[in-house]
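# Overview (structure and organization)
Listed below are the residues making up each chain.
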Amino acid sequence: MGKRQLWMMIFVGILLFGMMGSLDSVKAEEGDASKEVAMLTKKQLGLKELTVPSPAARFTYNSGLTFEYPDAVRGIFVTGPSAGGAKMAELTKLVEDTELNAMVIDIKEDNGNITFEPEEDSPYADVAEGFIDDPRAMLEELEEKGIYPIARVVVFKDSLLAQKRPDLSFTQNGQVWKNGKGESFVNPFMEEVWEYNVELAKIAAEMGFEEIQYDYVRFPEGFGSRDDVLEYGQGKYGDMDMDNVQKRVQAVTDFVEYASKELEYYGVDVSVDIFGYAATITEAPNIGQNFSKISSNVDVISSMIYPSHWGPYFGISKPDAEPYRLISEYAKVENEVLGALENAPTSRPWLQDFEAPWLYSGPTKQYGKAEVEAQIRALNENGINEFLLWNAGNNYTKGVDYTPLN
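Note that the coordinates shown come from a computational prediction; the quantities given were computed from them, not determined experimentally. (Residues numbered from 1 in each chain as written. Predicted model: local features only at pLDDT ≥ 70, side-chain atom pairs only at ≥ 80, totals over all residues. Heavy atoms only, no water.)

To continue, consider helix α7 (residues 244-262). Across its 19 residues, α7 extends 27 Å between first and last C-alpha, which sits within 8% of the 27 Å expected from 1.5 Å per residue. Among the residues of α7, Lys 247, Arg 248, Val 249, Ala 251, Val 252, Thr 253, Asp 254, Phe 255, Val 256, Ala 259 and Ser 260 are the ones counted as buried. Elements that come into contact with the buried residues of α7 comprise α6 (191-207), β6 (211-215), β7 (269-275) and α8 (291-295). Put simply, Asp 243 is the residue that caps the front of α7, since its side-chain oxygen is 3.1 Å from the backbone nitrogen of Val 245. (Helix = DSSP H or I, 4+ residues; strand = E, 2+ residues; numbered from the N terminus. Expected span 1.5 Å × (residues − 1). Buried < 20%, exposed > 50% of the residue type's maximum accessible area, 1.4 Å probe, protein only. Contact = heavy atoms within 4.5 Å. Polar contact = N/O pair within 3.5 Å; in protein donor to acceptor, adjacent residues only side chain to side chain.)

Given below as structure tokens:
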């Protein structure tokens, strides 16, 4: 090999060695950069993991109380005064001694009062009636006795909020409108009203209630005939290209969807009370209730199907006098409606445990053991195993057999 060739090979070798060093340097820099990016990415992912709950988790809030959902909810209505007074012992014993297993307890009443004393700076402090002195202690006792607790929150029937905030209500000639009973409603179009009620529901969930039941989720009865004379805002619905009937239906449906989503974090079930006749028609245009749309957004639907509250229906001239037949005919209709839904809620109707003297000029049909049991049997025979009993004074018929049919 000549000297020139030797030097050429040495030169090429040096050149190649230098290039490899440069490449290694580039790779090292790339490696360092990659490590830095990876570290930053891990940090960012770590932050996200800390702030975003797992989508697989049903809920993250824990009230510290544990209630098992019954085989089927069989409950009674309990007012705030009853829940916080001497009558609570009587009602608790009724549930313990029978096949009943749940209580629907007023947290916000029909006129807008809440039934407990909140924090001093709470927006509900000025509408509080401290009937229930210690809601937590009450719930702890229900937990000990295995009684399933449901918080009732009356939504759009709210005379107190209407008087305080006429802009959230309906007015006529500059005054807040009242119905024939002297009651006022707040406006379902107003999202501030939604928030007012849902934030209260969250407080109930934090107390330990397992379910939130919304009542009066509607416009006032007969609203369609007053629509032209009442003054009220429509909020975001004012710009929607639909008539007022559909706007009402949309607003009520949207509230239910909003209320359910806002409570997901708390892991509570959401139920809505609804007029029974709403299941028998496409929608109730005056009050904005569409049975199927509301049902699609809740865990439980509770139709108020008291025989006394129906006119001639299902071919029955006096439904109050035929409780078994009325409930049975209704159940068939509801089953068909719910059966058509992709995600049907649990059906848990309200049943009648009271008399209706306003229906009779002579002797009033008495509601006792036979009438209450007839309603329950009619539901059970149609595959509906849950129910709630309504008596405004919480005076429930004694000796009723609430045992479900096998």
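Now for the packing of α6 against α7. Taken N-terminus to C-terminus, the directions of α6 and α7 make an angle of 30°; their axes are 10 Å apart at the nearest point. The angle between α6 and α7 falls in the class roughly parallel. In the crossing of α6 with α7, the sense of the turn from one axis to the other is right-handed. In this structure, α6 uses Trp 194, Glu 195, Val 198, Glu 199 and Lys 202 to contact α7, whose residues at the interface are Ala 251, Asp 254, Phe 255, Tyr 258, Ala 259 and Glu 262. Taken together, the residues that form the contact of α6 with α7 break down as 6 nonpolar, no polar and 5 charged. (Axes fitted to C-alpha atoms, helices over the stretch in contact; angles between N-to-C directions. Parallel < 35°, antiparallel > 145°, perpendicular 65-115°, else oblique. Left-handed = near helix turned anticlockwise from the far one by under 90°. Nonpolar A, V, L, I, M, F, W, Y, C, P; charged D, E, K, R; others polar.)

Turning next to the confidence of the model for the protein. Model confidence for the protein is summarised by a mean pLDDT of 89, while 85% of its residues fall at 70 or above. Contacts of residues 1-59 to residues separated by more than four positions or lying in other chains number 10 contacts, the stretch itself having pLDDT below 50. (pLDDT = per-residue confidence, 0-100.)

The next point concerns the pattern of salt bridges. Opposite charge on two side chains lets them pair, provided their charged atoms get close. Counting across every chain of the model gives 28 salt bridges. A salt bridge links Asp 215 to Arg 152, with the shortest nitrogen-to-oxygen separation between them at 2.8 Å. Residue Asp 215 is located in strand β6, and its partner Arg 152 is located in strand β3 (residues 148-154); the two are separated by 63 residues in the primary sequence. Of the charged contacts in the structure, one is a salt bridge between Asp 227 and Arg 248, with a shortest N-O distance of 3.2 Å. Remark: Arg 248 occurs in helix α7 and Asp 227 occurs in the loop between β6 and α7; sequence separation between them is 21 residues. Of the two residues, Asp 227 and Arg 248, both sit in the buried class. In the salt-bridge network here, residues are joined through shared partners; they are Asp 106, Asp 110, Arg 152, Lys 157, Glu 183 and Asp 215. (Salt bridge = Lys/Arg side-chain N within 4 Å of Asp/Glu carboxyl O.)

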